[in-house]
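Here is what each chain is made of, one letter per residue.
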Amino acid sequence: MHALSGFSLVSLLSLGYLSWDWAKPGLVADGPAEAGDQPSAAPPQPPHIIFILTDDQGYHDVGYHGSDIETPTLDRLAAEGVKLENYYIQPICTPSRSQLLTGRYQIHTGLQHSIIRPRQPNCLPLDQVTLPQKLQEAGYSTHMVGKWHLGFYRKECLPTRRGFDTFLGSLTGNVDYYTYDNCDGPGVCGFDLHEGESVAWGLSGQYSTKLYAQRASHILASHSPQNPLFLYVAFQAVHTPLQSPREYLYRYRAMGNVARRKYAAMVTCMDEAVRNITWALKRYGFYNNSVIIFSSDNGGQTFSGGSNWPLRGRKGTYWEGGVRGLGFVHSPLLKKKRRTSRALVHITDWYPTLVGLAGGTTSAADGLDGYDVWPAISEGRASPRTEILHNIDPLYNHARHGSLEGGFGIWNTAVQAAIRVGEWKLLTGDPGYGDWIPPQTLASFPGSWWNLERMASIRQAVWLFNISADPYEREDLAGQRPDVVRTLLARLADYNRTAIPVRYPAANPRAHPDFNGGAWGPWASEEDEEEEEEEEEEEGRARSFSRGRRKKKCKICKLRSFFRKLNTRLMSHRI
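Presented here is an overview of the structure given in this document.

Calculation notes
- Residues numbered from 1 in each chain as written.
- Predicted model: local features only at pLDDT ≥ 70, side-chain atom pairs only at ≥ 80, totals over all residues.
- Heavy atoms only, no water.
- Helix = DSSP H or I, 4+ residues; strand = E, 2+ residues; numbered from the N terminus.
- Buried < 20%, exposed > 50% of the residue type's maximum accessible area, 1.4 Å probe, protein only.
- Contact = heavy atoms within 4.5 Å.
- Areas by Shrake-Rupley, 256 points an atom, 1.4 Å probe, with all protein chains shown as cover.
- Pairing = 2+ DSSP bridges.
- Axes fitted to C-alpha atoms, helices over the stretch in contact; angles between N-to-C directions.
- Salt bridge = Lys/Arg side-chain N within 4 Å of Asp/Glu carboxyl O.
- Phe/Tyr/Trp six-rings, centres within 6.5 Å; stacked < 30°, edge-to-face > 60°.
- Lys NZ or Arg CZ within 6 Å of the ring centre and 35° of its normal.
- Polar contact = N/O pair within 3.5 Å; in protein donor to acceptor, adjacent residues only side chain to side chain.
- Core = buried A, V, L, I, M, F, W, Y, C linked by side-chain atoms within 4.5 Å.
- Parallel < 35°, antiparallel > 145°, perpendicular 65-115°, else oblique.

## Examining the overall build of the chain
If you tally the helices and strands in the chain, you get 14 helices and 18 strands. Looking at the chain as a whole, 58% of its 575 residues qualify as buried. Partitioning the contacts of the chain with sequence separation of at least 6, the portion at a separation of at least 24 is 75%. Split by element, the accessible area of the chain, about 23,200 Å² in all, is 53% carbon and sulfur.

See below:
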């Protein structure tokens, strides 16, 4: 199915919507009457599923969490639906997206470490059946708008080859909101906005948040409500670079901190984009048989205006500020609405939950780590989930003070890992910056500001918290409860036995946009991959052929290994 383009009946249907003045809050449509709190009748067909994912939005960056940022649409949708206040995601972009679309932990897809960089020959494993592919099997039309960030080195990796009928968005993780340029190092820059499998040069200049909401409206205007629809809107907002239309900045002119001001403007613009998508659902007859899911992808980046207060940590860490997500479900089909759910939910759970809603089935053969949590969300039942493996990353810098002995001989505590079992959460290795960072209201950040509440000890490699009693991770109980530490270390070891090798290949020079007309895009083929594997095997045989040659190759090997490790460390710290 080709991407929507050109002047057509779709354009005529949606002309009024696209000319709507975004800056006028009075244009929020009341639309069809919304369902009350009584259970709705069974829908005539599977529900339309609208999944909205925001990028780098912090736990504190929504109105209903007491934020200084205006999010009236999100506040209203959450208040009328079910707020998920025990909801977990991953600390960075690629892992959250991979777990959403596969229902599997990172250790089961080889994406345990960092993100997929633009020049890496890597992508979401091609042997995985994705969520949109499952929904297609159930008769759904599937559409994606926004940020992919799951690899694109081969055409087989592209969204349109992984289950989406149409795609408009960026393949990489960090583009300019207007020009859609992205640099992966000095001088390695390219254009990244794609429609289907083609470069969308002509759409440059439009602010991505508005562009993506407009495309979502086009899709809704052209689709029959009688046929089930899956619409995945993965906003680039509010990831850096901090860019916003001027009218949104004006609202926050009193904010002293410039980064926070720009960030707040971007959040409010995104909130209005969600409002417009919701309005389109009502206008085109989808709303009454729809399920709207809102989720952030990781914690806020506190150095770029985000806030996770009062949680500990930030994006890229395994403290609660990095992995506790913003999430809610809004739908007339919910049986118990207008409430807050404390049921334990993880981003992998959306796969079996949405497949179940669509009338599809999953089985043990699918190898999922997620659970169907719809009864917990809709009816208030207990969650089937009792634990979460946040991750095991063997490539991340090992903690200086960790050891196998420190892990009772069960687990090497130098390895970065985090797990939650019941009320208990265990972290090992280096979990990332463990600060509590208050709302960023100051005009600048002197050193004393960052030192208000620093992680007490760096000579440590194991932490244990009772998250139910201490969600802010202020009281480390590792010393008091070695029995619990042992139990959770054993669970980490159990999970690790099921892990597949990490896939984090070195950058390929052929990926440079200059070789693709100035745009990021696929550069490799299956034959190229086979040739590279054969070359590696040949090198291995050559190294074992003669001692003298082995010494020569060894120098090359060491040099290559050095740069690979250096690249890994640099990329890890740049996230």
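## Some thoughts on the sheet that holds strand β17 (residues 424-428)
Pairing is antiparallel in the open sheet, where 4 strands are placed in the order β15-β16-β17-β18. Of all strands in the sheet, those bounded by a partner on one side alone are β15 (387-393) and β18 (462-466). On average, each strand axis in the sheet is tilted by 10° relative to the strand beside it, whichever way the strands run. Judged from the 6 bridges that link them, β15 and strand β16 (residues 416-421) form a sheet pairing that is antiparallel. Paired with Leu-389 across the two strands is Ile-419, which belongs to β16.

## Remarks on the pattern of salt bridges
This model, assessed by the stated rule, comprises 25 salt bridges. For Glu-320, the salt bridge is made with Lys-425, and the minimal N-O distance between the two is 2.9 Å. Of the two residues, Glu-320 is situated in helix α8 (residues 320-323) and Lys-425 in strand β17; the sequence distance between them amounts to 105 residues. Of the residues examined, Glu-320 reaches a relative accessible area of 0% and is grouped as buried. The partner of Arg-497 in a salt bridge is Asp-494, with the nearest N and O atoms 2.3 Å apart. The partly exposed category is assigned to Asp-494, whose relative accessible area is 32%.

## Some remarks on helix α3 (residues 93-102)
Taking burial as the measure, the 10 residues of α3 include 10 buried ones, the bulk of the element. Those residues of α3 lying buried are Cys-93, Thr-94, Pro-95, Ser-96, Arg-97, Ser-98, Gln-99, Leu-100, Leu-101 and Thr-102. Looking at the buried residues of α3, the elements they touch are β1 (48-54), α4 (131-137), β4 (141-147), β10 (229-234), β14 (345-346) and α9 (350-357). Within two residues after α3, Gly-103 carries a phi angle of roughly 70°, on the positive side.

## Details of the sheet that holds strand β8 (residues 194-195)
Taken together, 10 strands build an open sheet; the order of strands is β9-β8-β5-β4-β10-β1-β11-β12-β2-β13 and the sheet is mixed. Looking at which strands have only one partner, the edges of the open sheet turn out to be β9 (198-199) and β13 (339-341). Of the strand pairs in this sheet, β4 and β10 are connected by 6 bridges, and their pairing is parallel. Within β10, the residue paired with Ser-141 across the bridge is Leu-229.

## Structural notes on the packing of aromatic side chains
Per the stated rule, a full pass over the model turns up 17 aromatic pairs. One aromatic cluster in this structure is built from Phe-51, Tyr-87, Phe-164, Phe-230, Tyr-232 and Trp-350. A cation sits over an aromatic face here: Lys-282 above Tyr-287, 5.0 Å from the ring centre. In this structure, Arg-312 is placed above the aromatic ring of Trp-319, and the distance from its NZ or CZ to the ring centre is 3.9 Å.

## Brief notes about the environment of Gln-243
Inspection of the secondary structure puts Gln-243 in the loop between β10 and α6 (246-251). Through-space distance from the C-alpha of Gln-243 to that of Tyr-263 is 7.9 Å; in sequence the pair is 20 residues apart. With residues up to four places along the chain from it excluded, the contact list for Gln-243 reads Asp-176, Tyr-177, Tyr-178, Tyr-207 and Met-266. Among the polar contacts made by the side chain of Gln-243, one reaches the side chain of Asp-176 at a distance of 2.9 Å. Within the local environment of Gln-243, its side chain forms a polar contact with the backbone nitrogen of Tyr-177, the two atoms lying 2.8 Å apart.

## Observations regarding the nonpolar core
Soluble, globular proteins show a tendency: their nonpolar side chains are buried together. Counting 54 residues, the largest nonpolar core has Ile-52, Leu-193, Leu-220, Leu-231, Phe-235 and Met-270 as the members making the most contacts within it. Counting only elements with at least two residues in this core, the list comes to β1, α2 (72-80), α5 (208-222), β10, α7 (258-283) and β11 (290-296). The element best represented in this core is α7, accounting for 12 residues. With residues near it in sequence (within four places) discarded, Ile-52 still touches Val-233, Phe-235, Val-274, Ile-292, Ile-293, Phe-294 and Ser-295. Counting 50 residues, the second-largest nonpolar core is a separate cluster that includes Leu-100, Cys-123, Val-188 and Val-291.

## Section: the pairing of β10
Burial analysis of β10 places 6 of its 6 residues in the buried class, the great majority of the element. Of the two faces of β10, both are covered, the one formed by Leu-229, Leu-231 and Val-233 as well as the one formed by Phe-230, Tyr-232 and Ala-234. Here β1 runs beside β10; their pairing, made up of 5 bridges, is parallel. Residue pairing in the sheet places Leu-53 in a bridge with Ala-234 of β10.

## What about the side chain of Arg-117?
Looking at where Arg-117 falls in the secondary structure, it is placed in the loop between α3 and α4. The buried category is assigned to Arg-117, whose relative accessible area is 11%.

## Describing unusual backbone geometry
Most of the time, phi is negative for any residue but glycine, and the peptide bond is trans. Look at the link from Thr-240 to Pro-241: it is a cis peptide, with omega at 5°. Cis peptide bonds are those with omega within 30 degrees of zero, and the linkage from Trp-309 to Pro-310 qualifies with 5°. Locating Pro-310 in the fold gives a position in the loop between β11 and α8. The phi dihedral of Asp-56 falls on the positive side, at around 70°, and the residue is not glycine. Within the element layout of this structure, Asp-56 appears in the loop between β1 and α2. Assessed through its relative accessible area of 4%, Asp-56 is described here as buried. With phi around 60°, Phe-408 is a residue other than glycine that occupies positive phi space. The topology assignment puts Phe-408 in the loop between β15 and β16. Taking relative accessible area as the criterion, Phe-408 reaches 36% and is therefore assigned partly exposed.

## Regarding the packing of α5 against α7
The contact between α5 and α7 brings their axes to 9 Å, and the two run at 5°. In terms of orientation, α5 and α7 fall into the roughly parallel class. Contact residues: α5 offers Thr-209, Ala-213, Ala-216, Ser-217 and Leu-220, while α7 offers Cys-269, Met-270, Ala-273, Ile-277, Ala-280 and Leu-281.

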